[in-house]
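Chain residues, written in single-letter form:
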Amino acid sequence: MRWVAPESAEAQAWASRPGPESLAWRYVRDAAPAVSNARTRMLLLDTGHQAFPVSVNDGDDGRGNCYVVSPLCAYADYADDELRRLGRPWVTWPLRGLARSLGAALAAARIDRIVQVNNWLLSTNLYPPHWDGRDLPALTEGLIERWPDHAIAWRSLNPFSNSALAGALARAGYQAVPSRQVWLFDVRAGAGSACLRHHNTRLDAVLLRRARYRVEGPEGLVEADYPRLQALYEQLYLQKYSRLNPEFGVAWIRAGVRDGWLDLRVLRSPEGRIDGVVGWFGRTDLFTAPLVGYDTALPARWGLYRMLTRLCLQEAVARRAVLNFSAGAGRFKRLRGGHPAIECNWVHTAHLPRARRTAWSALSAVLRHVAVPLIERWEP
């Protein structure tokens, strides 16, 4: 188990290595710094079998960090944003008060003093396909030895995709802390035809076929397109939803296209303007869409998000893969064949002082017994 800083001479040599180590190193070097609102330190962990990007927070960055590196933002600030957008004040008003009180308690407990392994700074982090976590006890011991005053965490596990790894984490002393409800489309083994036969999915296909847009891949992009792609993502995820979402810069998108870990499709108008973009990240059999954006000023009846969703489902069918379509728009995704799953972050705190252990345990209990039932009942 070795730690490699992205700016070190040793790390520079990794760029030409074959396999995932090279990709992880290039991501930490080039892409991670381009997530401009993520206040964290990035390292690369070489286990001898896997290479993991690792984010390190010392808990002194204050409020307003990006939620993919800050549990305080994810569980308090983002929750307040979500509850505000949900409406239903008779339900959300007391819950917003609870979220703010919980946030103050979590800040006092230094919940942001944390090391998060396999953190690609995405809403959904994917794991190596054949890694079952057998080396987790040794990895955890090494992590605690280096970071004895930090919680140790692994993000973005759900029971459908990560059941074996979740079991290994539980046996290694980690506790599950629910984070959100994600939507999965499993079109392996030829099941894609059923997915694409859903009524709403067929309507989306008609909309895409009749649209004035031309669908292009990354090979059609020119340098002047990249700022437009970044702006479309920002309109949707930062301006419409929350500034706590990761702020992917132009350099992040450019690095993804160059290194091949971000596969793009864009909707280009006859005038040459790009009005929608979706970018996929992941493996052949499991992928997610961290980059989605469209021109929110255009009429909703044009159905830009519907067309981008159809492109995602077509890609899943072509790959015979599982699409993890992240959180939000629950009813929309259910009507197109999506299945919900509660995603958890798994956190190890046994080495921390009692007050900080108690804070994490209380957070887990509140989320399991209050937040998860509400999400499952009320998410539209």
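Right, let's walk through the structure included here. (Residues numbered from 1 in each chain as written. Predicted model: local features only at pLDDT ≥ 70, side-chain atom pairs only at ≥ 80, totals over all residues. Heavy atoms only, no water.)

### A closer look at the overall build of the protein chain
Keep this limit in mind: By definition, any uninterrupted DSSP run of H or I lasting at least four residues is a helix, any uninterrupted run of E lasting at least two residues is a strand, and each is numbered from the N terminus. In this setup the radius of gyration rests on C-alpha atoms only. A globule is expected at 2.2 Å times the number of residues raised to 0.38. The buried label applies to any residue whose accessible area, calculated with a 1.4 Å probe on protein chains only, is under 20% of its type's maximum; exposed applies above 50%, and partly exposed to all values in between. Residues count as neighbours in contact if any of their non-hydrogen atoms are within 4.5 Å of one another. For the charge count, each Lys or Arg is scored as positive and each Asp or Glu as negative, with His and the chain ends excluded. Charge positions come from single atoms, namely NZ of Lys, CZ of Arg, CG of Asp or CD of Glu.
Along its length, the protein chain carries 13 helices and 12 strands. Relative to its length of 380 residues, the protein chain is compact, with a C-alpha radius of gyration of 20 Å against a globular reference of 21 Å. Within the protein chain, the fraction of its 380 residues that count as buried is 54%. By sequence separation, contacts in the protein chain at least 24 residues apart represent 74% of the contacts at least 6 residues apart. For the protein chain, the centre of its 49 positive side-chain charges and the centre of its 36 negative side-chain charges are spaced 7 Å apart.

### A look at the state of the cysteines
Heads up, the rule is: Two cysteine sulfurs form what is called a disulfide whenever their separation falls within 2.5 Å.
Applying the stated criterion across every chain yields a total of zero disulfides. With no disulfide partner, Cys-66 has as its closest neighbouring cysteine sulfur the one in Cys-73, 7.7 Å distant.

### Details of the side chain of Ser-55
Applicable threshold: Here a polar contact means two N or O atoms within 3.5 Å. Within protein one must be a hydrogen donor candidate and the other an acceptor candidate, and residues neighboring in sequence count only if both atoms are side-chain atoms.
Its place among the elements puts Ser-55 in strand E3 (residues 51-58). Here Ser-55 falls in the buried class, since its relative accessible area comes to 0%. Among the polar contacts listed, one links the side chain of Ser-55 to the side chain of Asn-119, at a separation of 2.9 Å. Those residues in contact with Ser-55, other than ones at most four positions away along the chain, are Thr-40, Arg-41, Met-42, Val-69, Ile-114, Val-115, Gln-116 and Asn-119.

### Observations concerning helix H5 (residues 136-146)
Leu-136, Leu-139, Thr-140, Gly-142, Leu-143 and Ile-144 are the residues of H5 that are buried. Lining the buried residues of H5 we find strand E1 (2-4), strand E2 (41-46), strand E4 (113-117), strand E5 (151-157), helix H6 (163-171) and strand E12 (339-348).

### Focus: the pairing of strand E8 (residues 263-268)
What counts here: Here the rule is simple: two strands pair whenever DSSP picks up at least two bridges between them.
Summarising the sheet, strand E7 (residues 214-216) and E8 pair through three bridges and their orientation is antiparallel. Pairing of Val-215 across the sheet is with Leu-267, part of E8. The sheet contact formed by E8 and strand E9 (residues 274-282) spans six bridges and is antiparallel. Bridging from a neighbouring strand, Leu-264 pairs with Gly-279 of E9.

### Some details on the pairing of E3
Of all the eight residues making up E3, seven are buried; the element is thus mostly covered by neighbouring parts of the structure. Turn length for the E2-E3 hairpin, with the two strands adjacent in sequence and antiparallel, is four residues, and the turn residue Gly-48 shows positive phi of about 100°. Relative to E4, E3 is paired through five bridges, and the arrangement is antiparallel. When the bridges of E4 are listed, Ser-55 appears paired with Gln-116.

### Observations regarding the sheet that holds E2
We apply this condition: Every axis in this analysis is a line fitted to C-alpha atoms, fitted for helices over the stretch in contact. Angles between the N-to-C directions lie between 0 and 180 degrees.
Taking strand neighbours across the sheet as the criterion, the 12 strands line up as E1-E2-E3-E4-E5-E12-E6-E11-E10-E9-E8-E7 in an open arrangement whose pairing is mixed. The sheet is open, and its two borders are formed by E1 and E7, each paired with just one other strand. The average angle at which neighbouring strand axes cross in this sheet is 30°, direction not considered. Alignment of E4 against E5, held across four bridges, turns out to be parallel. If you follow Gln-116 over to E5, its bridge partner there is Ala-153. Of the strands in this sheet, E8, E9 and strand E10 (286-294) are in contact with helix H9 (residues 225-241), which crosses E10 at around 90°. Docked against the sheet, helix H11 (residues 304-319) engages strand E6 (175-186), E7, E8, E9, E10 and strand E11 (322-324), running at close to 160° with respect to E10.

### Digging into the pattern of salt bridges
The cut-off we apply is this: Note on definitions: salt bridges are taken to be side-chain nitrogens of Lys or Arg within 4 Å of carboxyl oxygens of Asp or Glu.
For the coordinates displayed, the defined rule picks out 25 salt bridges. Linking Asp-259 and Arg-26 is a salt bridge whose minimum nitrogen-to-oxygen distance equals 3.6 Å. Remark: Arg-26 occurs in helix H2 (residues 20-31) and Asp-259 occurs in helix H10 (residues 250-259); sequence separation between them is 233 residues. Where salt bridges share partners, they join Arg-26, Arg-29, Asp-30, Arg-258 and Asp-259 into one cluster.

### Observations regarding the packing of aromatic side chains
Short version of the rule: Aromatic pairing here means that ring centres of Phe, Tyr or Trp (its six-membered ring) are within 6.5 Å. Orientation follows from the plane angle: under 30 degrees is stacked, over 60 is edge-to-face, and everything else is tilted.
One pass over the structure, following the stated rule, counts 18 aromatic pairs. Aromatic side chains Phe-52 and Trp-154 sit 5.5 Å apart centroid to centroid with 90° between the ring planes, which places their arrangement in the edge-to-face category. Taken together, the positions of Phe-52 in strand E3 and Trp-154 in strand E5 put the pair 102 residues apart, joining distant regions of the chain. Grouping residues by exposure puts Phe-52 and Trp-154 together as buried.

### So, the environment of Gln-235
With respect to the helices and strands, Gln-235 occurs in helix H9. The buried category is assigned to Gln-235, whose relative accessible area is 15%. Dropping the residues within four chain positions of it, Gln-235 is found in contact with Arg-228, Lys-240, Tyr-294, Asp-295, Thr-296 and Ala-297. A polar atom in the side chain of Gln-235 sits 2.9 Å from the backbone nitrogen of Thr-296.

### Structural notes on the packing of helix H8 (residues 199-210) against H11
Inclusion rule: Roughly parallel here means an angle under 35 degrees, roughly antiparallel means over 145, roughly perpendicular means 65 to 115, and every remaining angle is called oblique. Amino acid classes used here: Ala, Val, Leu, Ile, Met, Phe, Trp, Tyr, Cys and Pro are nonpolar; Asp, Glu, Lys and Arg are charged; the rest, including Gly, are polar.
Contact pair H8 / H11: the axes reach a minimum separation of 9 Å and the direction vectors enclose 110°. By the angle class used here, H8 and H11 are roughly perpendicular. Every residue of H11 that contacts H8 at Thr-201, Arg-202, Leu-203, Asp-204, Ala-205, Leu-207 and Leu-208 is listed here: Arg-306, Met-307, Arg-310, Leu-311, Leu-313 and Gln-314. Tallied by class, the residues present in the contact of H8 with H11 amount to seven nonpolar, two polar and four charged.

### A word on the packing of H9 against H10
In helix packing, the relevant descriptors are the interaxial angle and the interaxial distance, both defined with respect to the helix axes. Test applied: Two helices crossing with the near one rotated counterclockwise from the far one by less than a right angle form a left-handed crossing, whereas a clockwise rotation gives a right-handed crossing.
With their axes 9 Å apart at the nearest point, H9 and H10 run at an angle of 115° to one another. It follows that H9 is roughly perpendicular to H10 by the angle criterion. In this structure, H9 meets H10 at a crossing whose hand is right-handed. Facing H9, whose interface residues are Tyr-226, Pro-227, Leu-229 and Gln-230, H10 presents Val-250, Ile-253, Arg-254 and Val-257. In terms of residue class, the contact of H9 with H10 is built from six nonpolar, one polar and one charged.

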